[in-house]
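# Coordinate analysis (summary)
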Amino acid sequence: EAFQHAELPFKLRLSCAGVGGATVRQAKVSRDAHAYRVMVVEKPFGMNIQVNIVPRVVEVLPGYPAEKVGVRAGFALTHVDEHAVSGNEWFQFFQRASPPFTLTFDTDLPLHDGNPFLNSSSNGTASGGADPWWSNEAYEDFRCEVTALPFGMSLHAPVGGAPAVEVLVPGRPAESLGVHFGDILVEVAGRPVDGSSWFAALQQAVPPYGLRFRRMRAS
């Protein structure tokens, strides 16, 4: 009734309901340095997490939701959708969570000694331009097609190293299609990738697209 009788011009304020009636937000919901909580309202989120003692953000893609809500490299992930997570389980929780859900970070947790994922001195490629060790005859190609997300595959990719499969979520397409633990990702949607480019390539690819891995030949 107020809308019908309001004099022009007037302002409208809208709230859009998301999954389960939750209000869709992209803003930070807590600024506490040890409990920095943000809302995930869409995937891909654009946040690369690697595990060295704890799950920690090592890369945030420009223009993606993670950057917009203030997630930064170095943040340690502590909770997914209010569940406390460790390095062994964060990925399964993240893959299974449906937006909107929260992520909580400790933004002030010091880096542990020997962290191999946050070292800007390397560009992620093989040193000296030499052929990578997985290009020799001891390895063979394995190819598959991504037709649906989430794919259920997490990669271990230290600075200057190879992006290798570290986690396969049971029942997800990656496991069903025959991806193996230790497979080395070398191509996404026809685009060669290495330790510095694989994450952006996966986040930007839209199904259906192909993946190519290198895998140790069966003896």
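Note that the structure is predicted; figures quoted are calculated from it, not measured.

## As for the packing of aromatic side chains
Remark: the centre distance and the inter-plane angle together describe each pair of aromatic rings, the angle taken between the planes. One pass over the structure, following the stated rule, counts 7 aromatic pairs. Between Trp90 and Phe94 the ring centres are 6.1 Å apart and the planes differ by 50°, which places this aromatic pair in the tilted class. Highlighted residues: Trp90 and Phe94, both in helix α3 (residues 90-96), separated by 4 residues, approximately one helical turn. On the basis of relative accessible area, Trp90 is assigned to the buried category, the value being 6%. Both rings, one in Trp198 and one in Phe199, keep their centres 5.6 Å apart while their planes meet at 75°; by these two values the pair is edge-to-face. Trp198 sits in the buried class, given a relative accessible area of 6%.

## Focus: the pairing of strand β12 (residues 209-216)
Burial analysis of β12 places 6 of its 8 residues in the buried class, the great majority of the element. Summarising the sheet, strand β7 (residues 139-146) and β12 pair through 8 bridges and their orientation is antiparallel. For Val146, the partnering residue across the bridge sits in β12 and is Tyr209. Pairing of strand β10 (residues 184-188) with β12 involves 4 bridges; the strand directions are antiparallel. In the strand pairing of β12, Ile184 is matched with Arg214.

## Points about the confidence of the model for the protein
Residues of the protein with pLDDT of at least 70 account for 82%, and the chain-wide mean is 86. Contacts from residues 120-128, a stretch scored under 50 in pLDDT, to residues over four places away or in other chains number 10 contacts.

## What about unusual backbone geometry?
Note the cis peptide between Lys43 and Pro44, where omega equals 5°. Looking at the secondary structure, you find Pro44 in the loop between β1 (36-40) and β2 (47-52). Although it is not a glycine, Ile53 sits at a positive phi angle of roughly 75°. Tracing the backbone shows Ile53 in the loop between β2 and β3 (54-60). The phi angle at Ala189 is positive, at roughly 55°, despite the residue not being glycine.

## Quick word on the environment of Trp133
Take Trp133: it is sitting in the loop between β6 (101-106) and β7. In this structure the C-alpha to C-alpha distance between Trp133 and Ala162, which are 29 residues apart in sequence, comes to 9.6 Å.

## Details of the pattern of salt bridges
Counting across every chain of the model gives 8 salt bridges. Arg212 is paired through a salt bridge with Asp141; the nearest N and O atoms lie 3.0 Å apart. With Arg212 in strand β12 and Asp141 in strand β7, this residue pair connects regions lying 71 residues apart in the sequence. On the basis of relative accessible area, Arg212 is assigned to the buried category, the value being 19%. Here Glu187 makes a salt bridge to Arg143, at a shortest N to O gap of 3.8 Å. Placement of Glu187 in strand β10 and of Arg143 in strand β7 is noted, with a sequence separation of 44 residues between them. Among the charged side chains, a salt-bridge network with shared partners connects Asp141, Arg143, Glu187, Arg212 and Arg214.

Reading guide: rules and limits
- Residues numbered from 1 in each chain as written.
- Predicted model: local features only at pLDDT ≥ 70, side-chain atom pairs only at ≥ 80, totals over all residues.
- Heavy atoms only, no water.
- Phe/Tyr/Trp six-rings, centres within 6.5 Å; stacked < 30°, edge-to-face > 60°.
- Helix = DSSP H or I, 4+ residues; strand = E, 2+ residues; numbered from the N terminus.
- Buried < 20%, exposed > 50% of the residue type's maximum accessible area, 1.4 Å probe, protein only.
- Pairing = 2+ DSSP bridges.
- pLDDT = per-residue confidence, 0-100.
- Contact = heavy atoms within 4.5 Å.
- Salt bridge = Lys/Arg side-chain N within 4 Å of Asp/Glu carboxyl O.

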